[in-house]
Amino acid sequence: MNLALSLGVAILFGAGIRLMLGRDLVRIAAGTLLISNAANLFLMSAGTAEGLAPAQGPTNSDPLVQTLVLTSLVITFGFTALLFSILQAIYRAWKTLDTREIERRGRGG
Amino acid sequence: MIFLPFAIGWIAAVVLFALDGTRRWVGWLALVAILGMFGAAVALLVQVADGQEPAIVVGGWPAGLGIRLRADWLGVGFAVPVLGIIAALLCIENLRGGLRTRIGPALTVLISLGLTGVFLTGDVFNFYVFFELSMGSAFAITALASRGRHVRVAATFMVANIFGSVLFLIGVGGLYHATGSLDMPIVSARLGADPAGTPLLVASLLLAAFLLKLGIFPFHFWVPPVYSETRAPAAALLAGALANIGSYGLLRFGGEVMPDALRTGRVVLLAIGAATILVGSVLAISRQPVAEILAYSSVAQNGYILLALGMGGYAGFAAAYVYAIVNSIAKALLFSTTGARGPLVGGAFLVGAMSTAGLPPALGFVGKLALFRAAWSEREVWLVAWIVAGALLAFFYMFQAFQQRFWMVEEHERSSRSVRVGLGVFALAALALGVWPEPLLGTGSRIALLLAGGQP
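Predicted model only: the values in this text are computed from it and were never measured. (Residues numbered from 1 in each chain as written. Chains lettered and ligands numbered in written order. Predicted model: local features only at pLDDT ≥ 70, side-chain atom pairs only at ≥ 80, totals over all residues. Heavy atoms only, no water.)

Engineer: Would you mind going over the interface of chain A and chain B with me for this structure?
Structural biologist: Contacts between the two partners involve 34 residues from chain A and, on the opposite side, 27 residues from chain B. Buried area between chain A and chain B, summed over both chains or domains, comes out near 2700 Å², and the portion from carbon and sulfur atoms is 82%. Of all residues in chain A, A:Phe79, A:Ile86 and A:Trp94 bury the most surface against chain B, accounting for 20% of the area lost on that side. There are 0 salt bridges connecting chain A and chain B. There are 1 residue pair in polar contact (both at pLDDT 80 or more) connecting chain A and chain B. A per-class count over the side of chain A that touches chain B returns 23 nonpolar, 8 polar and 3 charged. (Contact = heavy atoms within 4.5 Å. Buried area = accessible area lost by both parts, 1.4 Å probe. Salt bridge = Lys/Arg side-chain N within 4 Å of Asp/Glu carboxyl O. Polar contact = N/O pair within 3.5 Å; in protein donor to acceptor, adjacent residues only side chain to side chain. Nonpolar A, V, L, I, M, F, W, Y, C, P; charged D, E, K, R; others polar.)

The structure is reproduced here in structure tokens:
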């Protein structure tokens, strides 16, 4: 795991958490997308050796993690689509995507 | 043999997606598929009881290289009851008039398939994939089952659980980084030889992920809104079937893959478990709507599983398994009664309430007794006291809920007779298992032997 990858994971994860702590549901969804991809990048970094192409051999990168990341990317992609479709349903029901506003109106009745 | 539940599940899910789930016969078709998977799981249980170890390495790869599916006591011990619970819930829902959504039956089969995969896989990453399969279907079912403005809870559920999945995925990455393998026994063996702090770090990530799935304090924030605002059948499916991913994951990863980390974290588990019981019970007492009382009650009840795991050893693992299954059955029963009205429903609720409070002859008594025994054998007086106090609090809030739901209201409408009879039969089955708990206790002791390796 080299420095560039570590920094990439750190920045993605930090930015994602920062977005998830906000009020706006679109930002929260974007935050979950970022932290999911931070995890994917971390998984990828578990098998890189100096960025060489994945192939058999002692000094090259591990191809297995790349297939794992491919799988988890598909899952991330599917979940993101589902999350945004749920956001659309929320917008149709509440006419807003501000969590505090939804909370306030939900309590009001 | 072991591929049979997967073959049935995949084929049924693909066929059901093409059909219109609002028609009643499609719901019954889904029930047939889930019963088929249940039958296959029972056949695997018979094989395991015979002393065989059904296993297959997918794609014909040599063991250790390919993805391994295998059935052992822990796997089938969860697969059989969980598939049974899903079948019972789907049957009651069909009697009520079907799932009324186009893809509901297909999603229910996919949840069953994902859970079966989680229980039967021997590969860490494959565990993650199946777990996401069932979570993704559960997200969709929650969104479909929360009508109108309630749909906001689907976003809460989804964001919280994606966060848990991310933690789990990072843990899997860490395991692969540290051991160079994804096969559970190999990972376990290589971690045992690693003196550095990596196993503990990975174990904390996995622990946080499973606690989030189970909804344990301090990760319980998403549970009450989701369980109380989705329609009763979906809440029953989440609390009765899906939450088992958490308890199974804790037993599998804590008991089998990383036993050293589990022993190191003993105090943490006991403290979190005790805090969960207290917070969940007190909040349950302070709530008014029955659905919210049940939601906080499931938070509190899952705390006991953590206590049992923290005690560890033969008695602790057996108690954790028995408690997890007992609690799933009680919660599935209770949440499905909240959607029905009329005679027999109250009786079914009462069986669930007695089970939660741990009164004989209901099923919950068996769970509490196993836990009590484990705490007693450890000579941990404060744990024994805590369990008794928790049971008293549960008695209080469950009967408060019963009084509110069935005594203080005039009931004008009634559910159809078939739904009420279905709930009654479910309650009777739960009661029968409480009167004759041998199969459950026997499985629990086999699992404890497998994990603790000690003597009964």
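Engineer: Could you clarify how one ought to interpret the nonpolar core in this entry?
Structural biologist: Nonpolar side chains in soluble globular proteins generally cluster together in the buried interior. A:Ile90, B:Tyr227, B:Phe253 and B:Met258 are the most contacted members of the largest nonpolar core, which totals 192 residues. Looking at this core element by element, the count peaks at 16 residues for helix 6 (residues 152-179) of chain B. (Core = buried A, V, L, I, M, F, W, Y, C linked by side-chain atoms within 4.5 Å. Buried < 20%, exposed > 50% of the residue type's maximum accessible area, 1.4 Å probe, protein only. Helix = DSSP H or I, 4+ residues; strand = E, 2+ residues; numbered from the N terminus.)

Engineer: Looking at this structure, how should I read helix 3 (residues 73-96) of chain B?
Structural biologist: Since one α-helical turn is 3.6 residues long, residues separated by three or four positions face the same way. Residue and element names in this part refer to chain B. Between its first and last C-alpha atoms helix 3 spans 35 Å; for 24 residues at 1.5 Å apiece the expected length is 34 Å, and the two agree. Counting buried positions along helix 3 yields 19 of 24 residues, so the element is predominantly enclosed. A positive phi of about 125° marks Gly97, the residue just after helix 3. (Expected span 1.5 Å × (residues − 1).)

Engineer: What is the right way to read the side chain of B:Thr356 from this model?
Structural biologist: All names here are of chain B. Its location among the elements puts Thr356 in helix 16 (residues 345-357). Residue Thr356 is classed as buried on the basis of its relative accessible area of 2%. Not counting residues up to four positions away in its chain, the partners in contact with Thr356 are Ser297, Gln301, Ala330, Lys331, Leu334, Lys368, Ala394, Tyr397 and Met398.

Engineer: What's the story with the pattern of salt bridges in this structure? I'm lost.
Structural biologist: If the charged atoms of two oppositely charged side chains come close together, the side chains can form a pair. Enumeration according to the criterion identifies 13 salt bridges over all chains in this entry. Linking A:Arg23 and A:Asp98 is a salt bridge whose minimum nitrogen-to-oxygen distance equals 2.7 Å. You can see A:Arg23 sitting in the loop between helix 1 (3-20) and helix 2 (25-45) and its partner A:Asp98 sitting in the loop between helix 3 (63-94) and helix 4 (99-108), a full 75 residues away along the chain. The exposure class assigned to A:Arg23 is partly exposed, which follows from its relative accessible area of 39%. Of the charged contacts in the structure, one is a salt bridge between B:Arg23 and B:Asp20, with a shortest N-O distance of 3.9 Å. When salt bridges with common partners are traced through the structure, they connect A:Glu101, A:Arg104 and A:Arg105 into a single cluster.

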